[in-house]
Amino acid sequence: MNVTFVTGSVSRMAGGLFTSVRRTAQTLTDDGNQVRVVGLQDRFTRNDIDSWDNVRPVAMVRRGPAAFGYAPRISRVVNNSSPDIVHTHGLWLYVSHAASTWSRRTGGPHVVSPRGMLDPWALANSRWKKRLAGWLYEHDHLARAACIHALCASEARSIRQFGLKNPICIIPNGVDMPEKPCREPPPWAGQTDPDEKVLLYLGRIHPKKGLTELLDGWASIMKRGTGEHPLRHWRLAIAGWSQGGYEGELKRLARERKIEESVLFLGPQFGDGKAACFANCDGFILPSHSEGLPMVVLEAWSYGLPVIMTQECNLPEGESCGAAICVEPVSDSVARGVRQLVSMTDEARWQMGRNGRRLAVERFSWQHVVNQLGNVYSWLLGDAARPDTVLLH
């Protein structure tokens, strides 16, 4: 099977999409398919291109505003790859136009993975840009899709609420299990005492991620505590790249709440640094307002970490399997979740992390995910019956 992926970025600039799209493409290739990835150049493309290993992406130069990712030659590159099927990952960029143009010209099927970008919170963010992109190319791209890929049932509902009637396949992200112990010291080495524990946030530094609510919740616990308060032996580590200078606002908030000594801002962490964060922390938190299905939670589980997350992370099996504490993306609820985690015994936190690792192994391996996606491709090409993952209504 010849598959072409189109996506906005082939580097770490894509956040969780970088891992999920890359590992999907690599696993499809390992299974004997021919996969070509076409994306846009950015400042990290050169650093990250080698991590694609057996898949060599084509990174196009964009023109004009970065928000639209206009690359006039991308349609020609997609057409010249002679795919059986085209799969778009992400929305609202000009790469969508290349996929729908190919489909219109050839009659071939294209699949769209919105990756949470049709959820209500995401649609309300940068609304003017999305209205313009929708009018120019995105509505046509979505309407023509032979199938829309949702990461979870909640995202499938958002797709229907947006008004789309296309078939929807529900297939989650996958995750790799750490292959060997991490020997790298964590980025907070030397900044914490030996008896202190670390609660980690790792991801994009953006209002969507609920970090203001996290700091407010953290501050409320410290304010009410006296003597042996719950956070006395804990530090909050915030790792990630700042979008639009938002990290500066969070640092100001930490100073205003008088919690700056208990909060560590670590900057972006990739590769060994990212692995060291997961391998050396004592819990993970994602208090997000909106997600598709966050790779970072799956990664935390793969390291056997107990997790605090919001229902908007769309991983209800985490709570039902005893692998996560679910909260709402408001400061009081986040504070409740943090207080619950840090008040647990070490044994209870360890067991919660083991439950998460078991869940990651059993339900979110890349081979399992890609097998399901391959079945959808075969169905769209007329080579197989409709798989159980596909909903027609």
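Residues numbered from 1 in each chain as written. Predicted model: local features only at pLDDT ≥ 70, side-chain atom pairs only at ≥ 80, totals over all residues. Heavy atoms only, no water.

Visitor: Looking at this model, I keep getting lost on the overall build of the protein. Mind explaining?
Guide: Secondary structure summary: the protein contains 15 helices and 14 strands in total. In terms of overall dimensions, the protein is globule-like: its C-alpha atoms have a radius of gyration of 21 Å, near the 21 Å expected for 393 residues. Along the longest, intermediate and shortest principal axes, the C-alpha atoms of the protein span 70 × 40 × 40 Å. Looking at the 393 residues of the protein, the share that counts as buried comes to 57%. Summarising the internal contacts of the protein: among those between residues at least 6 apart in sequence, 69% fall at separations of at least 24. Working note: accessible area of the protein is about 17,100 Å², and carbon and sulfur atoms make up 47% of it. Measuring between centres, the 46 positive side-chain charges of the protein sit 7 Å from its 39 negative side-chain charges. (Helix = DSSP H or I, 4+ residues; strand = E, 2+ residues; numbered from the N terminus. Rg over C-alpha atoms; globule rule 2.2 N^0.38 Å. Buried < 20%, exposed > 50% of the residue type's maximum accessible area, 1.4 Å probe, protein only. Contact = heavy atoms within 4.5 Å. Areas by Shrake-Rupley, 256 points an atom, 1.4 Å probe, with all protein chains shown as cover. Lys, Arg positive; Asp, Glu negative; His and termini not counted. Charge placed at Lys NZ, Arg CZ, Asp CG, Glu CD.)

Visitor: Would you explain the sheet that holds strand β11 (residues 283-286) in this entry?
Guide: Within a sheet, neighbouring strands are paired by backbone hydrogen bonds and run either parallel or antiparallel to one another. Read across the open sheet, the 6 strands follow the order β10-β9-β8-β11-β12-β13; overall the sheet is parallel. Across the chains shown, the open sheet's two edge strands, defined by having one partner strand only, are β10 (263-267) and β13 (324-327). Averaged over all neighbouring strand pairs, the angle between strand axes comes to 25 degrees, with direction disregarded. Two strands pair when backbone bridges link them, and strand β12 (residues 307-310) and β13 are joined in this way by 4 bridges, in the parallel orientation. In the sheet register, valine 307 faces β13, and the bridge partner there is alanine 324. Its contacts with the sheet put helix α10 (residues 271-280) on β8 (197-202), β10 and β11, and the angle it makes with β8 is roughly 135 degrees. (Pairing = 2+ DSSP bridges. Axes fitted to C-alpha atoms, helices over the stretch in contact; angles between N-to-C directions.)

Visitor: Where do I start with the state of the cysteines in this structure?
Guide: One covalent bond between the sulfur atoms of two cysteine residues makes up a disulfide. The full count for this structure, using the stated rule, is 0 disulfides. No disulfide involves cysteine 152; its sulfur sits 10 Å from the nearest other cysteine sulfur, which is in cysteine 313. A relative accessible area of 8% means that cysteine 152 is categorised as buried. (Disulfide = S-S within 2.5 Å.)

Visitor: Could you clarify how one ought to interpret the packing of aromatic side chains in this entry?
Guide: What characterises a pair of aromatic rings is the spacing of the ring centres plus the angle enclosed by the ring planes. This structure, assessed with the given rule, holds 7 aromatic pairs. Centre to centre, the rings of phenylalanine 44 and phenylalanine 270 are 6.5 Å apart; their planes meet at 50 degrees, and the pair counts as tilted. Remark: phenylalanine 270 occurs in the loop between β10 and α10 and phenylalanine 44 occurs in the loop between β2 (34-40) and α2 (45-48); sequence separation between them is 226 residues. You can call phenylalanine 44 buried: its relative accessible area is 17%. A relative accessible area of 32% means that phenylalanine 270 is categorised as partly exposed. Ring pairing ties together the aromatic residues Tyr70, Tyr94 and Tyr137, which thus form one cluster. Here arginine 12 stacks its cationic end above the ring of phenylalanine 270, 4.2 Å away from the centre of that ring. Directly above the aromatic system of phenylalanine 18 lies the positively charged group of arginine 22, at a separation of 4.8 Å from the ring centroid. (Phe/Tyr/Trp six-rings, centres within 6.5 Å; stacked < 30°, edge-to-face > 60°. Lys NZ or Arg CZ within 6 Å of the ring centre and 35° of its normal.)

Visitor: Help me out: how do you make sense of the environment of tyrosine 201 in this one?
Guide: Structurally, tyrosine 201 is set in strand β8. It is 9.9 Å that separates the C-alpha atoms of tyrosine 201 and cysteine 281, two residues lying 80 residues apart in sequence. When neighbours within four sequence positions are excluded, tyrosine 201 is seen to be in contact with Lys209, Leu211, Ala237, Ile238, Ala239, Phe284, Ile285, Leu286 and Pro287.

Visitor: Would you explain the sheet that holds β2 in this entry?
Guide: Strand order in the open sheet formed by 8 strands is β3-β2-β1-β4-β5-β6-β7-β14, and the pairing between neighbours is mixed. Unpaired on one side and paired on the other, β3 (58-60) and β14 (390-391) mark the two borders of the sheet. Taken together, the 3 bridges between strand β6 (residues 147-150) and strand β7 (residues 168-170) define a ladder with parallel strand orientation. Looking at the pairing, histidine 149 lines up with cysteine 169 of β7. Each of β4 (85-89), β5 (110-113) and β6 is contacted by helix α6 (residues 127-144), which is oriented at about 115 degrees to β5, the strand it contacts most. Those strands touched by helix α15 (residues 366-380) are β1 (2-7), β4, β5, β6, β7 and β14, and its axis lies near 135 degrees from that of β4.

Visitor: Sorry if this is basic, but what is going on with the pairing of β8 here?
Guide: As a general feature of sheets, a regular strand has side chains that alternate between the two faces. Burial analysis of β8 places 5 of its 6 residues in the buried class, the great majority of the element. Inspection of the sheet shows β8 paired to strand β9 (residues 234-239) by 6 bridges, in the parallel sense. Bridge pairing in β9 links leucine 200 to alanine 237. Pairing analysis gives 2 bridges linking β8 to β11, with the strands arranged parallel. Each bridged residue has a counterpart across the sheet, and for leucine 200 the counterpart in β11 is phenylalanine 284.

Visitor: Explain the packing of helix α11 (residues 295-302) against helix α14 (residues 346-363) here, please?
Guide: What describes two packed helices is the angle between their axes and the distance between those same axes. Between α11 and α14, the least distance of the axes is 7 Å, while the angle of their chain directions is 115 degrees. When the interaxial angle is binned, α11 and α14 end up roughly perpendicular. Crossing of α11 against α14: the hand is left-handed. Here Leu298, Trp301 and Ser302 of α11 lie close against α14, whose contacting residues are Gly353, Gly356, Arg357, Leu359 and Ala360. (Parallel < 35°, antiparallel > 145°, perpendicular 65-115°, else oblique. Left-handed = near helix turned anticlockwise from the far one by under 90°.)

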